[in-house]
Amino acid sequence: MGMAELQSIHVHPVKALRGFSPREAVVEPWGLAGDRRWVLIDDGGKVVTQRGQPRLALAAAELLPGGGVRLSAPGRTPLTVPVPEPGVTVPVDIFGTKVEAVLAAEAAHAWCGAYLEADVRLAHMDAPASRRPIDPEHALPGETVSFADGYPLLVTAQASLDALNSLIARGEHAEEGPLPMNRFRPNVVVRGTRAWAEDDWRRIAIGEVEFRVAKMCGRCVVTTTDQITAERGREPLWTLARHRRFGSRLVFGQNLVPHSPGTIRVGDPVRVLG
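S.K.: Help me out: how do you make sense of the sheet that holds strand β8 (residues 76-81) in this one?
M.R.: Sheet strands line up and pair through hydrogen bonds in the backbone, either parallel or antiparallel. One open sheet holds the 3 strands; their spatial order is β6-β7-β8, and the pairing between them is antiparallel. Edge positions in the sheet fall to β6 (60-63) and β8, since each of these pairs with one other strand and no more. Pairs of neighbouring strands in the sheet enclose a mean axial angle of 20°, with direction left out of account. Inspection of the sheet shows strand β7 (residues 69-73) paired to β8 by 4 bridges, in the antiparallel sense. Across the sheet, leucine 71 pairs through a bridge with leucine 79, a residue of β8.

As structure tokens, then:
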């Protein structure tokens with residue numbers, strides 16, 4: 001594989017909102033520290049994402065010491081939201097699975113609701129070690145995940161994005177390219193591989209931390225949402241459907257499960273272990 005290394009790290013404190021890119025991050029069993037521990041839910045308890053609310057791409061969440069968040073969005077005064085006190089939980093419906101979480105303060109619901117012009121509430125996963133098991137078809141006993149779509153981390157490769165953008169440039173919607181990596185909202189981006197090398201990975205190490213590759217990442221309409229403008233297009237799904245279809249899934253990236261805790265840093269070597 002040559003000299004592959006960790007190009008960037010991305011943490012999204014609130015699911016579906018813009019995150020930040022630290023130089024290093026602690027890897028916990030359920031994902032990067034602080035990643036997707038918060039989520040918005042509608043009046044029926046269902047998770048609200050960019051699938052239905054693309055304007056969430058324009059809102060940002062900054063992680064604060066202790067796990068709280070500072071929310072910001074166009075036209076809104078920023079709001080600091082502390083981690084709620086342990087107590088009564090509410091059921092959160094994340095893609096058909098019920099997960100218990102603790103509601104934030106009323107001010108957070110009001111702030112988010114005013115921005116989206118919708119009845120939403122902000123909730124926090126208080127006990128990620130036990131709240132949400134990974135899909136047992138692709139998990140080992142006891143493995144859990146935060147409010148990420150399904151797995152603790154998502155890895156993408158810069159070479160694969162370059163290859164995808166070359167395909168887009170030759171397609172019917174070339175004017176939409178090239179796309180930036182933020183369309184895919186990964187946790188870790190690797191450089192120095194060949195294109196699509198990640199399809200063959202089973203186990204990898206990033207610096208001192210080893211990971212199991214659980215499954216390919218099937219992509220949805222969120223990838224067609226410009227993360228700067230919140231406008232939607234046809235790409236990359238149009239091109240993925242023609243070149244990266246595996247069964248019913250349009251694939252870009254791989255889902256990872258950590259073998260052990262540790263810290264990863266930009267520039268860390270990335271090794272394929274199997």
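S.K.: Got a minute to help me understand the layout of surface pockets in this structure?
M.R.: Where empty space is left in the structure can be found by rolling a water-sized probe over the atoms. Quantified by volume, the largest pocket comes out at close to 680 Å³. Around the largest pocket, the lining comprises 32 residues; the ones closest to its centre are Arg51, Phe95, Ala148, Asp149 and Gly150. Put simply, the parts of the chain that give the lining of the largest pocket at least two residues each are β12 (153-157) and β15 (209-218). Looking at the lining of the largest pocket residue by residue, the class counts come to 13 nonpolar, 9 polar and 10 charged.

S.K.: What should I look at first to understand the environment of threonine 89 in this one?
M.R.: Tracing the sequence through the fold places threonine 89 in the loop between β8 and β9 (90-94). Judged by relative accessible area, which is 24%, threonine 89 ranks as partly exposed. Once the C-alpha coordinates of threonine 89 and leucine 103 are considered, the two residues, 14 residues apart in sequence, prove to be 7.0 Å apart. In contact with threonine 89, other than residues within four places in its own chain, are Glu100, Ala101, Val102, Asp126 and Arg131. For threonine 89, the side chain forms a polar contact with the side chain of glutamate 100, separated by 2.6 Å.

S.K.: When you look at the pattern of salt bridges in this model, what are you seeing that I'm missing?
M.R.: Pairs may arise between side chains of opposite charge once their charged atoms sit close together. Under the counting rule described, the total for this entry stands at 10 salt bridges. Note that aspartate 149 and lysine 15 form a salt bridge whose closest N and O atoms lie 2.5 Å from each other. Residue aspartate 149 is located in the loop between β11 (120-124) and β12, and its partner lysine 15 is located in the loop between β1 (5-9) and β2 (24-28); the two are separated by 134 residues in the primary sequence. Using a relative accessible area of 41% as the deciding quantity, one classes aspartate 149 as partly exposed. Its relative accessible area of 4% is what places lysine 15 among the buried residues. Arginine 36 is the partner of aspartate 35 in a salt bridge, and the nearest nitrogen-oxygen pair spans 3.0 Å. Using a relative accessible area of 2% as the deciding quantity, one classes aspartate 35 as buried. Of the residues examined, arginine 36 reaches a relative accessible area of 7% and is grouped as buried. Salt bridges sharing partners connect three or more residues here, namely Lys15, Arg51 and Asp149.

S.K.: Explain empty space enclosed by the protein to me, please; I cannot follow it from the model alone.
M.R.: Here the structure, examined in full by the defined rule, presents 1 cavity of 30 Å³ or more. If you add up the space inside the largest cavity, you get close to 40 Å³. Lining the largest cavity are Leu17, Leu40, Leu56, Ala59, Trp111, Cys112, Tyr115 and Leu116. In terms of residues, the lining of the largest cavity owes the most to one element, helix α1 (residues 106-116), which gives 4 residues. For the lining of the largest cavity, the residue count by class is 8 nonpolar, no polar and no charged.

What counts as what
- Residues numbered from 1 in each chain as written.
- Predicted model: local features only at pLDDT ≥ 70, side-chain atom pairs only at ≥ 80, totals over all residues.
- Heavy atoms only, no water.
- Pairing = 2+ DSSP bridges.
- Helix = DSSP H or I, 4+ residues; strand = E, 2+ residues; numbered from the N terminus.
- Axes fitted to C-alpha atoms, helices over the stretch in contact; angles between N-to-C directions.
- 1 Å grid on protein atoms, 1.4 Å probe; cavity = no way out; pocket = protein on both sides within 12 Å on 5 of 7 lines; lining within 4 Å.
- Points joined across faces, edges and corners; volume = space filled by probe spheres on them.
- Nonpolar A, V, L, I, M, F, W, Y, C, P; charged D, E, K, R; others polar.
- Buried < 20%, exposed > 50% of the residue type's maximum accessible area, 1.4 Å probe, protein only.
- Contact = heavy atoms within 4.5 Å.
- Polar contact = N/O pair within 3.5 Å; in protein donor to acceptor, adjacent residues only side chain to side chain.
- Salt bridge = Lys/Arg side-chain N within 4 Å of Asp/Glu carboxyl O.

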